[in-house]
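Here's the letter readout for the chains.
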Amino acid sequence: MKKIFLSAFVLMSFLTSAQKTENIIIITTDGLRWQEVFKGVDSEIANDKKFNQDDESYIRKKYKGSDSRQKIMPFFWSEIALKGQIYGNRELGSKVDVSNPYWFSYPGYSEIFTGNVDRKINSNGYKPNPNINVLEFLNKQPELQGKIAAFGAWNAFDRILNEERAGFPVISAFDKVGGNAPTAAQNLLNEMRDNSFKPFHEDECLDVFTHYQAMDELKNKKPKVLFIGYGETDEWAHHSHYRSYLDAANQVDKWIKEIWTFVQNDPQYKNKTTIFITTDHGRGDKTKTQWTDHGADVPGASEIWFAAMGPEIAAKGEIKTDSQFYQKQFAQTIAKFLGYNFTTDHPVADEVKEVFTK
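Read on for an overview of the structure. What you are looking at is a predicted structure, and each value in this text was computed from that prediction instead of being measured.

Rules used throughout
- Residues numbered from 1 in each chain as written.
- Predicted model: local features only at pLDDT ≥ 70, side-chain atom pairs only at ≥ 80, totals over all residues.
- Heavy atoms only, no water.
- Buried < 20%, exposed > 50% of the residue type's maximum accessible area, 1.4 Å probe, protein only.
- Helix = DSSP H or I, 4+ residues; strand = E, 2+ residues; numbered from the N terminus.
- Pairing = 2+ DSSP bridges.
- Contact = heavy atoms within 4.5 Å.
- Axes fitted to C-alpha atoms, helices over the stretch in contact; angles between N-to-C directions.
- Phe/Tyr/Trp six-rings, centres within 6.5 Å; stacked < 30°, edge-to-face > 60°.
- Lys NZ or Arg CZ within 6 Å of the ring centre and 35° of its normal.
- 1 Å grid on protein atoms, 1.4 Å probe; cavity = no way out; pocket = protein on both sides within 12 Å on 5 of 7 lines; lining within 4 Å.
- Points joined across faces, edges and corners; volume = space filled by probe spheres on them.
- Nonpolar A, V, L, I, M, F, W, Y, C, P; charged D, E, K, R; others polar.
- Parallel < 35°, antiparallel > 145°, perpendicular 65-115°, else oblique.
- Left-handed = near helix turned anticlockwise from the far one by under 90°.

### A closer look at the pairing of strand S7 (residues 273-278)
Here comes step 1: S7 sits mainly inside the fold: six of its six residues count as buried.
Here comes step 2: As paired strands, S7 and strand S8 (residues 306-309) are joined by four bridges and run antiparallel to one another. Paired with Ile 275 across the bridge in S8 is Met 309.

### What about unusual backbone geometry?
Here comes step 1: The residue Ala 173 is not glycine, and still its phi comes out positive at about 50°.
Here comes step 2: Using a relative accessible area of 2% as the deciding quantity, one classes Ala 173 as buried.
Here comes step 3: The backbone phi angle of Asn 271 is positive, close to 60°, even though this residue is not glycine.

### Quick notes on the sheet that holds S8
Here comes step 1: Judged by pairing direction, the sheet is mixed, and its eight strands sit side by side in the order S5-S4-S6-S1-S7-S8-S2-S9 without closing on themselves. A strand with exactly one partner marks an edge of an open sheet, and here the two such strands are strand S5 (170-172) and strand S9 (317-318).
Here comes step 2: Two strands pair when backbone bridges link them, and strand S1 (residues 23-29) and strand S6 (residues 225-230) are joined in this way by six bridges, in the parallel orientation. When the bridges of S6 are listed, Ile 26 appears paired with Phe 227.
Here comes step 3: Contacts from helix H12 (residues 207-220) reach S1, strand S4 (148-152), S5 and S6 within the one sheet, and its direction differs from that of S6 by about 170°.

### Considerations on the environment of Met 192
Here comes step 1: By the secondary structure assignment, Met 192 is in helix H11 (residues 184-194).
Here comes step 2: Separated by 17 residues in the primary sequence, Met 192 and Phe 209 place their C-alpha atoms 8.2 Å from one another.

### Thoughts on the packing of aromatic side chains
Here comes step 1: Throughout the structure, instances matching the rule amount to 25 aromatic pairs.
Here comes step 2: Counting every residue linked through ring pairs, the aromatic cluster contains Tyr 87, Phe 276, Phe 306, Phe 325 and Phe 330.
Here comes step 3: Seen from the ring of Trp 77, Arg 69 lies directly overhead, with NZ or CZ sitting 3.6 Å from the centre.
Here comes step 4: One Lys or Arg, Arg 243, reaches over the ring of Tyr 58 and ends 5.8 Å from the middle of that ring.

### Topic: the side chain of Asp 42
Here comes step 1: Take Asp 42: it is sitting in the loop between helix H2 (34-39) and helix H3 (43-46).
Here comes step 2: When residues no more than four places from it in sequence are discounted, the contact partners of Asp 42 are Arg 33, Glu 36, Tyr 242, Asp 285 and Lys 288.

### Quick word on empty space enclosed by the protein
Here comes step 1: Applying the stated criterion across every chain yields a total of one cavity of 30 Å³ or more.
Here comes step 2: Estimated volume of the largest cavity: approximately 50 Å³.
Here comes step 3: Lining the largest cavity are Asn 100, Tyr 102, Pro 107, Ser 110, Glu 111, Asn 116, Val 117, Asp 118 and Ile 121.
Here comes step 4: By residue class, the composition of the lining of the largest cavity is four nonpolar, three polar and two charged.

### Details of the packing of helix H4 (residues 56-63) against helix H14 (residues 242-263)
Here comes step 1: Look at H4 against H14: their axes get within 10 Å of each other, and the N-to-C directions meet at 30°. Taken together, H4 and H14 sit at an angle that is classed as roughly parallel. Between H4 and H14 lies a crossing of left-handed hand. Judged by residue contacts, Tyr 58, Ile 59, Lys 62 and Tyr 63 of H4 engage Tyr 242, Arg 243, Leu 246, Asp 247 and Asn 250 from H14.
Here comes step 2: Among the residues making up the contact of H4 with H14, the classes are represented as five nonpolar, one polar and three charged.

As structure tokens, this is what we get:
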């Protein structure tokens, strides 16, 4: 009987260990408000001619209704809500905030990836980040070295992640993919991106190019750690285009579904991959016209959200209990998913322990 019990215990231990995270995909969608994520369309904004691009009927038909948030992000509110965890609905007491005092992009992404608030980083034009980031730390681990890649629509990611020092590829904005020996598919991606419509000039490419570059990497090089940074949710908000902002969020949701579908049908990734999704900052809401903006002078712009799904993560869905978490906790959380403790020469905030609690 003892031998049978021991054998069963060993088998269960093996099955449990087989389900641990071996890969992680980190996804950000710049400046997407928690209000749309959790509450759906804001009718006051959607009905305002200054913001709806003279297309309120399109917004109403496509996104409004009692299931508005599901219409905007259907995969998020089906698969992730069913199998993962979603934090940041402040109306239910779940609070997530940035810790940096600036409430805009470079400081936000630096906080996400370094687990630290460096008050000297106070500009989107800041020099290459002097702080070690968690992707750089992971790239130094023997099991992960050379298996990390980052793709971002915004050209600042080269500096935020300090590509030159970090030692892994950061493909941002109009950077070419494939190096000196691009495949036919990569050549096509480069040509299409370079010849595309450039509404954000040379600072940022359209998200579609970042997505397909990242998918090419995922399918053909099989990184163990992949970062994808989408940007149009922020850009269209700054342009006061609410319809396009909602469409950008909806498209990111479709791409997350595509990524997860691929992951769950690939032997390297299936049941061994965690996805972590968040944003770099919030936007205004107290004064509705400030939904287009963010920064320390905009109330509510520190308010963010995050979601995660993977083998370590209990299926808690939308978190409805009082809690307070911070952006600086994400870096250690990412490391812990992979079984590492992120340590460097600057302070690193503790992980979000509740994510790992069954």
